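Descriptive analysis of the structure
Now for the letters of each chain:
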Amino acid sequence: MIYPLSRYIKITQIYWSNHLGVDFGWNDGPYCNQPIVAIEDGIVVSCADGYGNTYPGQRIYGNYVCISHGDGYWSMYGHLLKGLTVRQGERVRKGQVVGYMGNSGYSNGQHLHFELRKGENRKAASIDPIDYLFVEDPTIYVNPNSKQIERIRYRKTTVGTPVGRDPSRNQVEILATTLNARNMPSLDGDRLGYITRGIYNVLGTSEANGFTWYEIEKGLFCASKEGDWTVFLPAAAAPKYTVVFPEVTNGDKVTLCQLGDKLSLKYEVTEV
Ligand SMILES: [Zn+2]
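Source: prediction; values computed, not measured.

Another point: the overall build of the chain. Of the regular secondary structure elements, the chain holds zero helices and 25 strands. Here the chain holds 272 residues, and 41% of them are scored as buried. Restricting to contacts in the chain with at least 6 residues of sequence separation, those with at least 24 account for 60%.

And the structure:
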């Protein structure tokens, strides 16, 4: 199942005993009125349209769509704008737009109230949707300030292509399986997915949000505080020189001298 939002995911109220769904968004400027999509294939079993904001009235969900997905799963999308794009009885496909984020019904800010239920009918017990939803489209913007950000899961779990060990380069080895990749060296960057385990060249480092950020591919960044999930692999030290002295006989003179910024041995033979 995918997230019910097509452009922007921000969780503003979690599922708990007095709120049997998840709220997404809250008066989010450019993302207001964003399309709401079906989380899975299914059939629209009920819906309501044509309502405005009734806060603090009793038409709780305002304009809503309820979809049966089979296997006992039911999803419900509430507070939509007037003008749903589906009708009762219609078969819908996963990702199909069913309406637009609104502020209808018992709501005092534009957001989506989303519920997932499991059981024999649409009044079945609610379950926490976040355990079932995956982000499949990495271009969807996930607000990093969402309180539940760590629970948001990506179907395309891995990005990045590891390289082989190259002792002449600074590299990191990513050991964790759930290290986030971002498109900029900051928690404000978009999450692109998890980084494929393996060794990467370090193209650059910077500091932000209390982390050291590594650019491991062009435009691909990850952060580390302590490095329990990474092994920093520094470039090998310059090769050591083996010096073989010519045969020195009594009276020869050997001097150590500086040539440029390199320490070199100069060998002179002085005739006695
Ligand atoms: Zn809600």
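This brings us to the nonpolar core. The biggest cluster of nonpolar side chains holds 32 residues, and the ones touching the most others in it are Ile-9, Phe-24, Val-65, Tyr-77 and Leu-112. Those elements that provide at least two residues to this core are strand 3 (22–24), strand 6 (63–70), strand 7 (73–80) and strand 10 (112–118). Core analysis: the next-biggest nonpolar cluster, separate from the first, contains 11 residues, Val-172, Tyr-200, Val-202 and Tyr-214 among them.

Quick look at the pattern of salt bridges now. The full count for this structure, using the stated rule, is four salt bridges. Among the salt bridges present, the one from Glu-40 reaches Lys-94, with a minimum N-O distance of 3.9 Å. Of this pair, Glu-40 sits in the loop between strand 4 (35–37) and strand 5 (42–48) while Lys-94 sits in the loop between strand 8 (91–92) and strand 9 (97–100), and the two are 54 residues apart along the sequence. On the basis of relative accessibility, which here comes to 23%, the residue Glu-40 falls in the partly exposed class. Judged by its relative accessible area of 32%, Lys-94 is partly exposed.

It is worth spelling out the side chain of Ser-104 at this point. Checked against the element boundaries, Ser-104 lands in the loop between strand 9 and strand 10. Ignoring sequence-local partners within four residues, the contact set of Ser-104 consists of Tyr-51, Gly-52, Asn-53, Tyr-61, Gly-62, Asn-63, His-79 and Leu-80.

Another point: the sheet that holds strand 16 (residues 171–174). Read across the sheet, three strands follow the order 19-16-23 without closing on themselves; strand pairing throughout is antiparallel. Of all strands in the sheet, those bounded by a partner on one side alone are strand 19 (198–201) and strand 23 (230–233). Taking the axes of each pair of neighbouring strands and ignoring which way they run, one obtains an average angle of 25° across the sheet. As paired elements, strand 16 and strand 23 share four bridges and run antiparallel to each other. Bridge pairing in strand 23 links Glu-173 to Val-231.

Here we take up the state of the cysteines. Each disulfide is one covalent bond, formed between the sulfur atoms of two cysteines. Counted according to the given criterion, the structure contains zero disulfides. Here Cys-66 stays unpaired: no disulfide links it, and the sulfur of Cys-47, its closest cysteine neighbor, is 9.5 Å away.

Geometry of an aromatic ring pair is reported as the spacing of the ring centres plus the angle between the planes. Scanning the model with the defined rule gives eight aromatic pairs in all. With centroids separated by 4.1 Å and ring planes inclined at 10°, the aromatic side chains of Tyr-8 and Tyr-31 adopt a geometry described as stacked. In this pair, Tyr-8 sits in strand 1 (residues 8–9) while Tyr-31 sits in the loop between strand 3 and strand 4, placing the two residues 23 residues apart along the sequence. Residue classification places Tyr-8 among the buried residues on the basis of a relative accessible area of 6%. Owing to a relative accessible area of 23%, Tyr-31 belongs among the partly exposed residues under this scheme. Both rings, one in Phe-211 and one in Trp-213, keep their centres 6.2 Å apart while their planes meet at 70°; by these two values the pair is edge-to-face. The class of Phe-211 is partly exposed, set by a relative accessible area of 22%.

Counting buried positions over the eight residues of strand 6 gives seven, a clear majority of the element. Note that strand 5 and strand 6 share five bridges and pair antiparallel. Each bridged residue has a counterpart across the sheet, and for Ser-46 the counterpart in strand 6 is Cys-66. Note: strand 6 against strand 7, six bridges, orientation antiparallel.

Inspection of the sheet shows strand 20 (residues 204–208) paired to strand 21 (residues 211–217) by five bridges, in the antiparallel sense. Within strand 21, the residue paired with Glu-207 across the bridge is Thr-212. Count of turn residues in the strand 20/strand 21 antiparallel hairpin: two residues, of which Asn-209 carries a positive phi of about 55°. The pairing of strand 21 with strand 22 (residues 220–224) spans five bridges and is classified as antiparallel. If you follow Trp-213 over to strand 22, its bridge partner there is Ala-223. The loop that links strand 21 with its antiparallel partner strand 22 comprises two residues; one of these, Gly-219, has a positive phi angle of about 80°.

Topologically, His-113 is positioned in strand 10. Side chain to side chain, His-113 and Glu-115 meet in a polar contact 2.7 Å long. Non-local contacts of His-113, meaning those with residues more than four positions away in its chain, are made with His-19, Gly-21, Val-22, Asp-23, Tyr-61, Met-76, Tyr-77, Gly-78 and His-79.

Analysis parameters
Residues numbered from 1 in each chain as written. Predicted model: local features only at pLDDT ≥ 70, side-chain atom pairs only at ≥ 80, totals over all residues. Heavy atoms only, no water. Helix = DSSP H or I, 4+ residues; strand = E, 2+ residues; numbered from the N terminus. Buried < 20%, exposed > 50% of the residue type's maximum accessible area, 1.4 Å probe, protein only. Contact = heavy atoms within 4.5 Å. Core = buried A, V, L, I, M, F, W, Y, C linked by side-chain atoms within 4.5 Å. Salt bridge = Lys/Arg side-chain N within 4 Å of Asp/Glu carboxyl O. Pairing = 2+ DSSP bridges. Axes fitted to C-alpha atoms, helices over the stretch in contact; angles between N-to-C directions. Disulfide = S-S within 2.5 Å. Phe/Tyr/Trp six-rings, centres within 6.5 Å; stacked < 30°, edge-to-face > 60°. Polar contact = N/O pair within 3.5 Å; in protein donor to acceptor, adjacent residues only side chain to side chain.

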